[in-house]
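Coordinates in review
Here is how the chains run, residue by residue.
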Amino acid sequence: MAIFYGVTRKSQIFEMVADVVEAFKSPMENTRATMELLLATAAQETHTGELRDGTPYRHGTGLMQFDPVGLEDIKTRPSAQRWIKIARERFGVDFSKVEHRELETAPLTSIIAA
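Bear in mind that the values here come from a model prediction, so they are computed numbers and not experimental data. (Residues numbered from 1 in each chain as written. Predicted model: local features only at pLDDT ≥ 70, side-chain atom pairs only at ≥ 80, totals over all residues. Heavy atoms only, no water.)

**Things to note about the overall build of the protein chain**
The helix and strand inventory of the protein chain stands at five helices and zero strands. Beginning at the N terminus, the succession of helices and strands in the protein chain can be written as α-α-α-α-α. Relative to the globule expectation of 13 Å for 114 residues, the C-alpha radius of gyration of the protein chain, 13 Å, shows essentially globular dimensions. In terms of overall dimensions, the protein chain has C-alpha extents of about 40 × 30 × 20 Å along its principal axes. Considering the protein chain as a whole, with its 114 residues, one finds that 36% of them fall into the buried category. Partitioning the intrachain contacts of the protein chain with sequence separation of at least 6 by distance along the chain shows that 59% fall at a separation of at least 24. Carbon and sulfur atoms make up 53% of the accessible area of the protein chain, which totals about 6800 Å². (Helix = DSSP H or I, 4+ residues; strand = E, 2+ residues; numbered from the N terminus. Rg over C-alpha atoms; globule rule 2.2 N^0.38 Å. Buried < 20%, exposed > 50% of the residue type's maximum accessible area, 1.4 Å probe, protein only. Contact = heavy atoms within 4.5 Å. Areas by Shrake-Rupley, 256 points an atom, 1.4 Å probe, with all protein chains shown as cover.)

Next comes the structure, spelled out in structure tokens:
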């Protein structure tokens, strides 16, 4: 079966989710529940990368089917600045430069955004 969205193997999704959850966790967070939520989102939205979405880019895109409005919210919300800093320092993702269309082939960025 083909796999899309810049993912090369399904295990890569599990590894990226674990890395993202570890980087962004709060001291008292139930990381298992957070990982399960992110994996369930990928499973529901794209069958964990196996279902290619043919809808226009004004809708969700990428592994997590992230919407344009959500990306703009990350970029402009003052309370998101802490998360933006972690994304830049830990993963080299600069959300001020991320365009919605890039999420199509950037699974790590898509997971961080979700």
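Additional details are given in the paragraphs that follow.
**Considerations on the packing of aromatic side chains**
Counting across every chain of the model gives three aromatic pairs. Ring geometry for Phe 24 against Trp 83: centres 5.8 Å apart, planes inclined by 35°, an arrangement best described as tilted. Within this pair, whereas Phe 24 is found in helix α1 (residues 10–24), its partner Trp 83 is found in helix α4 (residues 81–91), the two being separated by 59 residues in sequence. Given a relative accessible area of 14%, Phe 24 falls into the buried group. Look at Phe 24 and Phe 91: their rings are 6.4 Å apart centre to centre, the planes differ by 10°, and that puts the pair in the stacked class. Highlighted residues: Phe 24 in helix α1 and Phe 91 in helix α4, separated in sequence by 67 residues. Taking the relative accessible area as the measure of exposure, Phe 91 reaches 21% and is therefore partly exposed. One aromatic cluster in this structure is built from Phe 24, Trp 83 and Phe 91. Of note, Arg 82 hangs over the ring of Trp 83, and the distance from its end group to the ring centre comes to 4.3 Å. (Phe/Tyr/Trp six-rings, centres within 6.5 Å; stacked < 30°, edge-to-face > 60°. Lys NZ or Arg CZ within 6 Å of the ring centre and 35° of its normal.)

**So, the packing of α1 against helix α2 (residues 31–46)**
At their nearest, the axes of α1 and α2 sit 10 Å apart, and the two run at 135° to each other. Between α1 and α2, the angle is such that the two are oblique. Read as a crossing pair, α1 and α2 show a hand that is right-handed. From α1, Ile 13, Phe 14, Val 17, Ala 18 and Val 21 reach across to α2, where they touch Thr 31, Thr 34, Met 35, Leu 38 and Leu 39. Per-class residue counts for the contact of α1 with α2 are eight nonpolar, two polar and no charged. (Axes fitted to C-alpha atoms, helices over the stretch in contact; angles between N-to-C directions. Parallel < 35°, antiparallel > 145°, perpendicular 65-115°, else oblique. Left-handed = near helix turned anticlockwise from the far one by under 90°. Nonpolar A, V, L, I, M, F, W, Y, C, P; charged D, E, K, R; others polar.)

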